[in-house]
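Spelled out from the first residue to the last, the chains are:
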Amino acid sequence: MNLDHELRQALKPQDPPAGFAEEVLRRATITGQAPTTPLHSRRSRWFALPIAASLLAAAFGWHHYVQRQRQTDAERATYEVILALHIAGETLADVQKKVQDKLRNQNEHQLQN
Amino acid sequence: MNTNFKTKSWLPLLLALLALTPRDLAAQGPKLQLDHLNRLADAASETVDVTVDPATLQTAGFLSGHDVNDAKIKALIEGIKGIYIKSFEFTAAGAYSEQDIETVRKQLAAPGWSRMVSVREKDELTEIYFWREGGQNGGLAVLSAESKELTIVNIVGRVDLAALTAMGKLMPKLPRVPNILK
């Protein structure tokens, strides 16, 4: 019986304190408000993104160009070196043949005499 | 007074020039001066002018060395510091003068050079010279003059003659380089 009475007292509806509704409304207004960021900061954020992307793309392009240029230079240099060696070798082989021919002719001439 | 001043101011310069000239001649080294032959290109039907300087040799150092020929080339160019070639083919005889050849031969008469081969026939001269440095092979010059053809090969550095002569066989292995002469 006593317990029943205590429960009734505890769960009995009560009126809110004065000014409760105003306080709830005030807090709700503050939470829903947009952050107070300055206008120029918001603009620079929008500009920074494409600029950074452009710089990245330019850096990548430049790196690719330099790599490609280096490869072309190396290929050209290799070609020139091999060409030079080939011409030098061919000239030497011609000289060798001339000397051999001359020696052969001299020997034949000596044998005939 | 004025003359004396002029003499005094020129004297150090004159002495410096006198001191430098013999050293310059001796320091010419195994690299020949062949620029005087450039004018022959106008008269030539075919010109080959190849300059492979140390920078080019260094750039070409990317040769992998995995291929047998690549390894041979790599070994061959290891001691080479430069390759300079001028070759001209003419449609008629007499396009170059005796003076053109003598200018080259005069350089090859300098100390350091020794002639190893000389074949002189009618309208033909073939010579091979070696540059020796500290008792070692430090360069090569080949002069081949025919009536309608003039070729001068100058290699600076250590040259393996046998390997170089065998280089002709490697011609089909030339790397495919698009727009190489552009």
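Computed from a prediction, not measured in an experiment: that's the story for all the values here. (Residues numbered from 1 in each chain as written. Chains lettered and ligands numbered in written order. Predicted model: local features only at pLDDT ≥ 70, side-chain atom pairs only at ≥ 80, totals over all residues. Heavy atoms only, no water.)

Before going further, it helps to examine the overall build of chain A. Within chain A, the regular secondary structure consists of three helices and zero strands. Along chain A, helices and strands appear, N-terminal first, in the series α-α-α. Going through the 113 residues of chain A one by one, you find that 15% of them count as buried. Only carbon and sulfur atoms are counted for the fraction: they give 60% of the accessible area of chain A, which is about 9800 Å². (Helix = DSSP H or I, 4+ residues; strand = E, 2+ residues; numbered from the N terminus. Buried < 20%, exposed > 50% of the residue type's maximum accessible area, 1.4 Å probe, protein only. Areas by Shrake-Rupley, 256 points an atom, 1.4 Å probe, with all protein chains shown as cover.)

Moving on to the pattern of salt bridges. Residue and element names in this part refer to chain B. Summed over all chains, the structure comprises 13 salt bridges over all chains. The salt bridge involving Glu127 is made with Arg115; its shortest N-O contact spans 3.1 Å. With Glu127 in strand β4 (residues 124–133) and Arg115 in strand β3 (residues 113–121), the pair connects residues that are twelve residues apart, well separated along the chain. Exposure remark for Glu127: the relative accessible area of 0% places this residue in the buried category. (Salt bridge = Lys/Arg side-chain N within 4 Å of Asp/Glu carboxyl O.)

Here we come to the packing of aromatic side chains. All names here are of chain B. Under the definition given, this model contains four aromatic pairs over all chains. Their ring planes at 20° and their centres at 6.3 Å tell us that Phe88 and Phe90 sit as a pair that is stacked. The burial state of Phe88 is the same as that of Phe90; both residues are buried. Aromatic side chains Trp113 and Trp131 sit 5.5 Å apart centroid to centroid with 70° between the ring planes, which places their arrangement in the edge-to-face category. With Trp113 in strand β3 and Trp131 in strand β4, this residue pair connects regions lying 18 residues apart in the sequence. Residue classification places Trp113 among the buried residues on the basis of a relative accessible area of 8%. (Phe/Tyr/Trp six-rings, centres within 6.5 Å; stacked < 30°, edge-to-face > 60°.)

Attention now goes to the side chain of Ser87(B). Residue and element names in this part refer to chain B. Mapping Ser87 onto the fold places it in strand β2 (residues 80–89). What makes Ser87 buried here is its relative accessible area of 12%. Look past the residues within four positions of Ser87 in its chain and what remains in contact with it is Glu46, Thr47, Val48, Leu150 and Thr151. (Contact = heavy atoms within 4.5 Å.)

Residues and elements named next belong to chain B. Residues of helix α4 (residues 98–108) that are buried include every one of Asp100, Ile101, Val104, Arg105, Gln107 and Leu108, and no others. Seen end-on, α4 carries its buried residues on one side only, within an arc spanning 155°. Summarising the geometry of α4, the exposed residues directed more than 90 degrees from the buried face are Glu98 and Lys106. (Arc of directions from axis to C-beta.)

Another aspect to go through is the confidence of the model for chain B. Residue and element names in this part refer to chain B. Looking at chain B as a whole, its pLDDT mean stands at 79, while 72% of the residues score no less than 70. The secondary structure element of chain B with the lowest average pLDDT is helix α1 (residues 2–26), at 52, and the one with the highest is strand β6 (residues 149–157), at 95. Confidence over residues 20–27 falls short of pLDDT 50; this stretch has zero contacts with residues more than four positions distant or in other chains. Across residues 172–182, confidence stays below pLDDT 50; counting only partners more than four residues off in sequence or on other chains, it has 15 contacts. With pTM at 0.67, the complex prediction returns an ipTM value of 0.73. (pLDDT = per-residue confidence, 0-100.)

Bringing the side chain of Asn154(B) into the picture now. All names here are of chain B. Along the chain, Asn154 falls in strand β6. Residue class for Asn154 comes out buried when judged on its relative accessible area of 0%. Only 2.9 Å separates the side chain of Asn154 from the backbone oxygen of Pro30, close enough to count as a polar contact. Not counting the four nearest positions on each side in its chain, Asn154 is found in contact with Pro30, Lys31, Leu32, Gly82, Ile83, Tyr84, Trp113, Leu140 and Ala141. (Polar contact = N/O pair within 3.5 Å; in protein donor to acceptor, adjacent residues only side chain to side chain.)

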